[in-house]
Amino acid sequence: LVRRHVAHPSALVRAKAVAALRAVHLILQQQLLPPPPPPPLPPPPPPSEHEEHALDEQLAALRRDALTALCDTSPSVATAAVVLLDDMLAAALAAAAGGSDGRIGSSDGSGNGNDDVLAWQKRRQQHAAALVQQYASLAPALTAVLLQATQRRLPPAYTHGRMCAPWLQCRLLRVLARIGAVSNAAAARAVTAIDVVVRA
């Protein structure tokens, strides 16, 4: 139902739909990860392959919708898409790094985990690393949105304190920094964008 409204004729409805997609992404991300076990209990089993595949398909659909929304002509829709992409990229980076945010590799070291859980964690880590590389291809689109904001090509309603869309610019810079950490080409593009922002 929400995904159908991403293509709604009204920009306000499209922006709200993308914001709702962000909430759906957070819910799906939590369902994909096993809950943290209480200290005396062994870790819970990971989702079955069927459940994992279904959740990955839903996340892939969210990514496609976010990319479509990023290219929307309305700044409110693009802003909502940047927030969603930032959350999705942060989750992928945490999972790829095996950090505690993704709860991957968070074994207590007691040897109580079984081989299936460890294999699942490694597979999820590799999947997340591949996703991070896919996000690196977004650098040109994100840079284009950032340049639109710095060149004041957004409607006057987005100007705050003589600066055009400052929160959007901050979020875009954070996303570009995260992408630049994993891709040299994206890092070079981010440096160019930062130079334009500083001079604006």
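Placed above this text is the structure.
Computed from a prediction, not measured in an experiment: that's the story for all the values here. (Residues numbered from 1 in each chain as written. Predicted model: local features only at pLDDT ≥ 70, side-chain atom pairs only at ≥ 80, totals over all residues. Heavy atoms only, no water.)

A. Here's a closer look at the nonpolar core. Judged by nonpolar contacts, the single largest core of 44 residues is most densely connected at Tyr-135, Leu-142 and Ile-179. Those elements that provide at least two residues to this core are α1 (11-32), α2 (49-70), α3 (75-97), α4 (115-136), α5 (139-150), α6 (166-180) and α7 (184-199). Element by element, the count of residues in this core is highest for α3, at 9 residues. The contacts of Leu-142, once residues within four sequence positions are left out, are Leu-70, Val-82, Leu-172, Val-175, Leu-176 and Ile-179. (Core = buried A, V, L, I, M, F, W, Y, C linked by side-chain atoms within 4.5 Å. Buried < 20%, exposed > 50% of the residue type's maximum accessible area, 1.4 Å probe, protein only. Helix = DSSP H or I, 4+ residues; strand = E, 2+ residues; numbered from the N terminus. Contact = heavy atoms within 4.5 Å.)

B. View of the pattern of salt bridges. In the structure shown here, the tally under the stated rule is 7 salt bridges. Between Arg-171 and Asp-86 there is a salt bridge, with its nearest N and O atoms 2.8 Å apart. Here Arg-171, found in helix α6, pairs with Asp-86, found in helix α3; they are 85 residues apart in sequence, far enough to count as distant. Judged by its relative accessible area of 22%, Arg-171 is partly exposed. Accessibility expressed as a relative area gives 1% for Asp-86, which makes it buried. When salt bridges with common partners are traced through the structure, they connect Asp-86, Arg-171, Arg-174 and Arg-178 into a single cluster. (Salt bridge = Lys/Arg side-chain N within 4 Å of Asp/Glu carboxyl O.)

C. Focus on the packing of α6 against α7. Where α6 contacts α7, the axes come no closer than 8 Å and their chain directions differ by 155°. Considering the angle they form, α6 stands roughly antiparallel to α7. Crossing angle aside, the handedness with which α6 passes α7 is left-handed. Facing Gln-169, Leu-173, Leu-176, Ile-179 and Gly-180 of α6, the residues of α7 in contact are Ala-186, Ala-187, Ala-190, Ala-193, Ile-194 and Val-197. (Axes fitted to C-alpha atoms, helices over the stretch in contact; angles between N-to-C directions. Parallel < 35°, antiparallel > 145°, perpendicular 65-115°, else oblique. Left-handed = near helix turned anticlockwise from the far one by under 90°.)

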